[in-house]
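Next come the chains, spelled out residue by residue.
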Amino acid sequence: MALPRAARTQRRTRIQEEKEERILEAALEVFSLHGFRGATVDQIAEVAGMSKPNLLYYFRTKEAMHRALITRVLDTWLDPLREFDAGGNPVSEIRSYIRRKLEMARDFPRESRLFANEILQGAPNIEDELKGPLKALVDEKAEVIRAWAKAGKIAKCDPYHLIFSIWSTTQHYADFDVQVRAVLGQDQAGDGRFEDAARFLEQLFVTGLGISEQPA
């Protein structure tokens, strides 16, 4: 991960840390609205309320800001999958994973759009992470799902496509939020839509995997 210039000094001050966070917050706003190609350093500096030279002291390029953000987002995105417990009950584990992913769609829509845009552009900043740590983690959790199937706790399935399906159905509520709210209409487009989605997706995956409702 490319560090901001200020982070490479021997001792970072509280002010430096605050300014870096301020810049990254502004960059997240601009990138999520305009995409990487449409965003400019001038726009980010304006949103951050800083001069362009001052901003460039902390991050020399637009690419450096984008990479810092996308690396952070990827790490956050993997947290729910890391908590997928091999020793847990499949019902509880899958439900928990769906709900955590939907919570992230609700709470981090800008981060989700940033990540989606990165993938659509061919993942130039995180290809190594996708092929390395992400793949290793998914491989590990795929073995958990295979073990559940082998033990008769769930129906046999392709574990990778199960994980992909949970990703796509939950992140839809962040990446296509405008469409979701428009189609649901005013009466159903409040925050309760995430709970409605959670109940539906839990039923979809639990039923589809033939999981019996056994206590952990």
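Residues numbered from 1 in each chain as written. Predicted model: local features only at pLDDT ≥ 70, side-chain atom pairs only at ≥ 80, totals over all residues. Heavy atoms only, no water.

Turning our attention to the UniProt feature "DNA-binding region" (unreviewed entry) in the chain. As recorded in UniProt, the sites labelled "DNA-binding region" (unreviewed entry) are residues 40-59. For residues 40-59, the helix share is 75%, the strand share is 0%, and the end-to-end C-alpha distance is 13 Å. (UniProt positions renumbered as here; feature names shortened; annotations may be inferred. Helix = DSSP H or I, 4+ residues; strand = E, 2+ residues; numbered from the N terminus.)

Evaluation of the coordinates by the stated rule reveals five aromatic pairs. Seen from their ring centres, Phe31 and Phe36 are 6.0 Å apart, and the 25° between their planes marks the pair as stacked. Phe36 matches Phe31 in its accessibility class, with the two residues each being buried. Relative to Tyr58, the ring of Tyr57 lies with its centre 5.0 Å away and its plane at 90°, an arrangement referred to as edge-to-face. For Tyr58, a relative accessible area of 5% translates into the label buried. Connected via pairs of aromatic rings, a cluster forms that spans Phe84, Tyr97 and Trp148. Directly above the ring of Phe36 sits Lys62, whose terminal nitrogen or CZ lies 4.4 Å from the centroid. (Phe/Tyr/Trp six-rings, centres within 6.5 Å; stacked < 30°, edge-to-face > 60°. Buried < 20%, exposed > 50% of the residue type's maximum accessible area, 1.4 Å probe, protein only. Lys NZ or Arg CZ within 6 Å of the ring centre and 35° of its normal.)

It is worth spelling out helix α2 (residues 41-48) at this point. In an α-helix there are 3.6 residues to a turn, and that puts residues three or four apart on one side. All of the buried residues in α2 are Val41, Ile44, Ala45 and Ala48. For α2, the arc enclosing every buried residue in end-on projection is 100°, short of the 170-degree limit, so these residues lie on one face. (Arc of directions from axis to C-beta.)

Tracing the backbone through its elements, the reader meets Glu118 in helix α6 (residues 109-120). Among buried Asp, Glu, Lys and Arg side chains, Glu118 stands out as unpaired, with Arg67 the closest opposite charge at 6.4 Å. Other than its neighbours up to four places away in sequence, Glu118 contacts His66, Ile70, Ala123, Pro124, Asn125 and Ile126. (Lys, Arg positive; Asp, Glu negative; His and termini not counted. Salt bridge = Lys/Arg side-chain N within 4 Å of Asp/Glu carboxyl O. Contact = heavy atoms within 4.5 Å.)

With that settled, consider helix α5 (residues 90-107). For α5, built from 18 residues, the straight-helix expectation of 26 Å at 1.5 Å per residue is met to within 8% by its first-to-last C-alpha distance of 25 Å. Inspection of α5 places Pro90, Val91, Glu93, Ile94, Tyr97, Ile98, Lys101, Leu102, Met104 and Ala105 among the buried residues, and these make up the whole buried set. Buried-residue contacts for α5 involve α4 (62-82), α6, α7 (127-150), α8 (159-175) and α10 (192-208). You can read the cap of α5 off the contacts: a side-chain oxygen lies 2.9 Å from the backbone nitrogen of Val91, and it is on Asn89. (Expected span 1.5 Å × (residues − 1). Polar contact = N/O pair within 3.5 Å; in protein donor to acceptor, adjacent residues only side chain to side chain.)

This brings us to the UniProt feature "domain: HTH tetR-type" (unreviewed entry) in the chain. In the numbering used here, UniProt assigns the feature "domain: HTH tetR-type" (unreviewed entry) to residues 17-77. Across residues 17-77, helical content stands at 87% and strand content at 0%; the span's end C-alpha atoms are separated by 23 Å.

All right, on to unusual backbone geometry then. Located in the positive-phi region is Ala123, a residue other than glycine, with phi close to 55°. Tracing the backbone through its elements, the reader meets Ala123 in the loop between α6 and α7. Here Ala123 falls in the buried class, since its relative accessible area comes to 5%.

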